[in-house]
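Examination of the molecular architecture
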Amino acid sequence: MNHLDPCKDRGYISIGDHALLALMDLAIESYCVPNFDSPSIFARILDKDKGGHFSICPQVAFSTKQNYLPSSNVLQTKFMNEEGVVTVTDFLPRQPSSATTRPLLSWLCVRGKMPIRLECAPAFNYARSSHTTQIMQDNTIPHPPSSPDAGAGPLHMRALFTSVQAELDLDLRYVPESALEAVPEPQIELKMLDLTKKGHLGPSVQCAFDLQEGQIVTWVLRTPPDHRYSEALRPRKERAEELGVPFEKLVKTASELRAPEDPILTKSTNTYWNSWIRRSTYQGSWKEAVNRSALALKLLIYEPTGAIVASPTFSLPEYIGGTRNCLLTTSRDYRASWIRDSSFTLYALIRLGFTYEANAYMDFIFERVKDKNSDGSLNIIMIVSGEKIFPEAELEHLDGHKGSKPVRIGNGAIDHVQLDIYGELMDCIYLGQKYGKPLGYDMWCVVFETLICDHNMDRVTYGIGLLYENYVVKVKNDPDLSIWSVRRHTHQPYNALNSGHTREVRGAKKHFTYSKVCRSSDKDIIPVVDLIIRCRLCFGLRLADKRSLPCPRRMEWLQARDELYEEIMQKAWNPKTQFFGQSYEDKDVLDSSLLIMPLVFFSTPSDPRFLATLKKIMLTPERGGLTSNGLVYRYDVSKSDDGVGGEEGTFCLCTLWCVEALARAGEYEKPLLTKAIAMFEDFLQYTNHVGLCTEEISPAGDGLGNAVQGFT
């Protein structure tokens, strides 16, 4: 298979703190351990030669079928030709302790006959760190010694990869079996593989073997556990004779002494996923697609803290070879938790009944709210451990996906001013306390503190009723960079000896309508639109009302909300073109982020101004709209001065916002509901072969950008 296949042609599996992407030919092309944001060991998706990979593939012509097992995140791949069929089950096992062992398991079950080739070529620390490789006897699985009198076959070997620079070890092992009588176990022999000419910084391992009907081999790639087995536990022929038991029985007994956190095989993984998805309360249409989406969202949760990553990948381009990759944040590292993206994910999980995950994330976000910046603001991004440092760097030694450079790690947008996040944060907190664990007084004080700050004091004071400066009211008239993180012009190249982040020159701040709306919206109070600032004000008011919590500046918040609404209606609405503009400064530019207006209850879906904006967006780009073939662009890059230029694909999130806006408006205009259904069913055709979505879709229908993208 061409290892530069579209981004969408991949399956995704995770264990709750790290994840991998696998091609249809079972080449693992993206894998970072031990955490989502750890340096990669496999990154061939970003450099086909030296990025690192793990592949198991037939050596003859074949066709493939790939799917998730029903109601599960266990990935199954079939290799087929006229001579035989091989079934591969690939997953990261659920186990009591994943802190010490992080195995990657691929099971091969065969029907017929087929030659197979395995390659394990790790490239530690984003292919920057060298490593050594040893092929040695596998003593982690007790087995008879290889001696003539014992009648044993070849030694059972394993490969150990050690990178001192990356401070990481990996070992590769296997378990051969036979499921049929009179069929021997497959013969496995590991050999060294030299890929240094392609840029690898250490030896790799290869193995060619034949499988026939009934033969099975399980491959395990993991970081070795810390514990060591006592030599007294290892079976010996002399010890068997001393005990008067067959040597084979002693071997089997010793195998059962394996530490519980050191499994080779885990049969409970599929049961875990089946049980998890059964908690869903969803009973509507397209249930299979909804369940698959929920299972994918679950894979984005960093379970040690409850954080939700925006995507498990980094630096996948939004346009192949385009100039926008150099200047836009969308080709950056998304292995962190965005307040905005997490609020979308949380909303979906809550409405499906997964309140445990919602409560875990709320615990995470409350800890972050307690640790605000000195001016009372919050960073738009936190890494999964909760820290606020995510330095950006360019990896100039990597070629990029299909040659689309640069390859970036970290994200310089962490210090962006995006005022919409406060509305989304309040929305998130409101939903969390409504459907999950109720908000207590002490936590309300922390939330209230986010709204009330005194910038003339060197501390933020807890307490309700103090006449401190209201942060939301203060910033309600400020410009920002809004939802679409854009930067322009220069960067400082990454130096392998200096991991300092890149220096950015941001696009100009403006009074973006989206940010205004989300600062002002509410479900029960008359809406206002500086979109996200209004969200923050109104959900703060709603929280106080629903929980009978004190809100001494209620009237000031109401006044700010109402003023913001009138301001948006006057300054964002373009009476000539009959739509809401992207910003106060660019009222002639359409922006599909404004489709969120009825979703955050800024306007009703039947409001004439919103309907006019919606119908304008639904036009093709040639006719002044943003919709092409049922898919929606973020904005017209030829009209919006984002400081970048170039082209991009349609944005999946915007397409789905459009579907929901049409569905809501369809309650009043039935043809719009019919359009929403047709548009959604058409969108489902752009999900990949296992039902996953990318960030964007190219004009040719290929997936672009990071995958899997949580907000999609």
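Residues numbered from 1 in each chain as written. Predicted model: local features only at pLDDT ≥ 70, side-chain atom pairs only at ≥ 80, totals over all residues. Heavy atoms only, no water.

Remarks on the overall build of the protein
Using the following cut-off: We count a stretch as a helix when DSSP gives it H or I for four or more residues in a row; a strand needs E for two or more, and each element gets its number in order from the N terminus. The rule is simple: take the accessible area with a 1.4 Å probe, protein chains only, and divide by the maximum for that residue type; under 20% is buried, over 50% is exposed, in between is partly exposed. For this analysis, residues touch if any pair of their heavy atoms sits within 4.5 Å. The accessible surface values rely on the Shrake-Rupley method and a 1.4 Å probe; as for residues, cover is taken only from the protein chains in view.
Within the protein, the secondary structure is distributed over 17 helices and 31 strands. Relative to its full complement of 712 residues, the protein shows a buried share of 60%. Taking the intrachain contacts of the protein between residues at least 6 apart in sequence as the baseline, contacts between residues at least 24 apart amount to 66%. Summed over its atoms, the accessible surface of the protein is roughly 28,100 Å², and 52% of this surface lies on carbon and sulfur atoms.

Focus: the pairing of strand β6 (residues 63–68)
Formally: Strand pairing is assigned whenever DSSP identifies at least 2 bridges connecting the two strands.
Side chains T64, Q66 and Y68 of β6 all project onto a buried face; the interleaved residues S63, K65 and N67 project onto a face where none is buried. Where β6 meets strand β7 (residues 75–81), six bridges bridge the pair, whose relative direction is antiparallel. Residue pairing for β7: K65 is matched across the bridge by K78.

Considering the packing of aromatic side chains
The test is simple: Pairs were defined over the aromatic rings of Phe, Tyr and Trp, the Trp ring being its six-membered one, requiring ring centres within 6.5 Å. Orientation was assigned from the angle between planes: stacked under 30 degrees, edge-to-face over 60, tilted for the rest.
The tally for this structure, following the rule as stated, stands at 16 aromatic pairs. Ring geometry for F344 versus W657: centroids 5.9 Å apart, planes at 90°, classification edge-to-face. Linking F344 in helix α7 (residues 339–351) with W657 in helix α16 (residues 652–665), this pair joins segments that are 313 residues apart in sequence. Like F344, the residue W657 is buried in the burial classification. Taken together, the ring pairs connect Y272, W273, W276 and F354 into an aromatic cluster.

Examining the confidence of the model for the protein
Worth spelling out the cut-off: For every residue, the predictor assigns a confidence score, pLDDT, that lies between 0 and 100.
When pLDDT is averaged along the protein, the result is 75, and 69% of the positions lie at 70 or above. Taken as a whole, residues 1–8 scores under 50 in pLDDT and shows 29 contacts with residues more than four places along the chain or in a different chain. Across residues 486–506 the pLDDT falls below 50, and counting only partners more than four positions away or on other chains, this stretch makes 60 contacts in the model.

Details of the state of the cysteines
Linking two cysteines covalently through their sulfur atoms gives a disulfide. For the record, the criterion: We call a pair of cysteine sulfur atoms a disulfide when they lie within 2.5 Å.
Applying the stated criterion to the full structure yields zero disulfides. The thiol of C652 is not disulfide-bonded; the next cysteine sulfur, from C693, is found 6.0 Å away. Classification of C652 by relative accessible area gives buried; the value is 2%.

As for the nonpolar core
Our working definition: Buried Ala, Val, Leu, Ile, Met, Phe, Trp, Tyr and Cys residues that are joined via side-chain atoms within 4.5 Å together make up what is termed a nonpolar core.
By size, the foremost hydrophobic cluster in this structure holds 57 residues, and its most contacted members are Y361, M362, I365 and I381. A per-element tally of this core places helix α8 (residues 355–370) first, with seven residues. In contact with I365, other than residues within four places in its own chain, are I339, M382 and L425. With 40 residues, the next largest nonpolar core counts L594, Y633, F680 and F711 among its residues.

So, the sheet that holds strand β29 (residues 650–651)
Taken together, three strands build an open sheet; the order of strands is β29-β30-β31 and the sheet is antiparallel. Edge strands, defined here as strands with exactly one partner in the open sheet, are β29 and β31 (703–704). Bridge count for strand β30 (residues 696–697) against β31 is two bridges, and the pairing is antiparallel. The partner of E696 across the bridge, within β31, is L704.

Here's the deal with unusual backbone geometry
Look at the link from V33 to P34: it is a cis peptide, with omega at 10°. The step from K405 to P406 runs through a cis peptide bond, and the omega angle for that step is 0°. Position of P406 relative to the elements: it lies in the loop between β20 (393–394) and β21 (408–409). The residue Y126 is not glycine, and still its phi comes out positive at about 60°. Take Y126: it is sitting in helix α1 (residues 124–127). Despite not being glycine, W286 has its phi angle at roughly 55°, a positive value. Looking at the element boundaries, W286 is found in the loop between α4 (269–277) and α5 (287–298).

Notes on the packing of α16 against helix α17 (residues 670–684)
Convention followed: Comment: axis = line fitted to C-alpha atoms, over the contacting stretch for helices; angle = value between 0 and 180 degrees taken between N-to-C directions. An angle counts as roughly parallel when it lies under 35 degrees, as roughly antiparallel when it exceeds 145, as roughly perpendicular when it falls between 65 and 115, and as oblique in every other case. In a left-handed crossing the near helix is turned counterclockwise from the far helix by less than a right angle, and in a right-handed crossing that turn is clockwise. By the convention adopted, Pro, Cys, Tyr, Trp, Phe, Met, Ile, Leu, Val and Ala count as nonpolar, Lys, Arg, Asp and Glu as charged, and the other residues, Gly among them, as polar.
For the pair α16 and α17, interaxial distance at closest approach is 7 Å and the crossing angle is 155°. By the angle class used here, α16 and α17 are roughly antiparallel. The crossing of α16 and α17 is left-handed. Mapping the contact onto sequence places C652, T655, L656, C658, V659, L662, A663 and A665 in α16 and L672, L673, K675, A676, M679, F680 and F683 in α17. The class makeup of the residues in the contact of α16 with α17 is 13 nonpolar, one polar and one charged.

Some words on the pattern of salt bridges
Here is the rule: Salt bridge, as applied in this entry: a Lys or Arg side-chain nitrogen positioned within 4 Å of an Asp or Glu carboxyl oxygen.
Summed over all chains, the structure comprises 16 salt bridges. Close ionic contact of D171 with R222 constitutes a salt bridge, the shortest N to O distance being 3.7 Å. Within this pair, whereas D171 is found in strand β12 (residues 168–178), its partner R222 is found in strand β15 (residues 215–222), the two being separated by 51 residues in sequence. Among the residues examined, D171 registers a relative accessible area of 1% and is labelled buried. Among the residues examined, R222 registers a relative accessible area of 1% and is labelled buried. Across the pair E357 and R279 runs a salt bridge whose closest N-O atoms are separated by 3.1 Å. A residue pair is termed long-range when its members are at least 10 positions apart, and E357 in helix α8 and R279 in the loop between α4 and α5 qualify at 78 residues. With relative accessibility at 4%, the residue E357 sits in the buried group. Each of the salt bridges in this network shares a partner with another, and the network as a whole consists of R158, D171, R173 and R222.

Notes on helix α15 (residues 608–617)
Inclusion rule: This arc is built from the directions going out from the helix axis to the C-beta atoms. Here a polar contact means two N or O atoms within 3.5 Å. Within protein one must be a hydrogen donor candidate and the other an acceptor candidate, and residues neighboring in sequence count only if both atoms are side-chain atoms.
Residues of α15 that are buried: F610, L611, T613, L614 and I617. Projected onto a plane normal to the axis of α15, the buried residues spread over an arc of 160° and lie on a single side. Buried-residue contacts for α15 involve β25 (573–574), β26 (579–580), β27 (627–628), β28 (631–632), α16 and α17. The distance from a side-chain oxygen at the start of α15 to the backbone nitrogen of R609 is 2.9 Å, and the residue carrying that oxygen is D607.

Remarks on the packing of α4 against α5
α5 packs onto α4 with a crossing angle of 115° between their chain directions and a minimal axis gap of 11 Å. In this structure, α4 meets α5 at a crossing whose hand is right-handed. Taken together, the residues of α5 that come into contact with α4 (itself represented by Y272, W273, W276 and I277) are N291, A294, L295 and K298.

Section: α4
Residues T269, W273, W276 and I277 constitute the buried set of α4. All buried residues of α4 project into a common sector of 90° when viewed along the axis, lining one side.

Re the environment of V690
For V690, the location among the structural elements is in the loop between α17 and β30. A relative accessible area of 7% means that V690 is categorised as buried. A C-alpha to C-alpha distance of 7.1 Å links V690 and Q66, two positions 624 residues apart in sequence.

A few points about the environment of E189
Of note, E189 is situated in the loop between β12 and β13 (191–193). Residues within four places of E189 in sequence aside, it is in contact with Q206 and C207.

Section: the environment of R292
In this fold, R292 is placed in helix α5. For the pair formed by R292 and V690, sequence separation is 398 residues and the distance between their alpha carbons is 8.6 Å. Looking at R292, its side chain comes within polar contact range of the main-chain oxygen of S72, at 2.8 Å.

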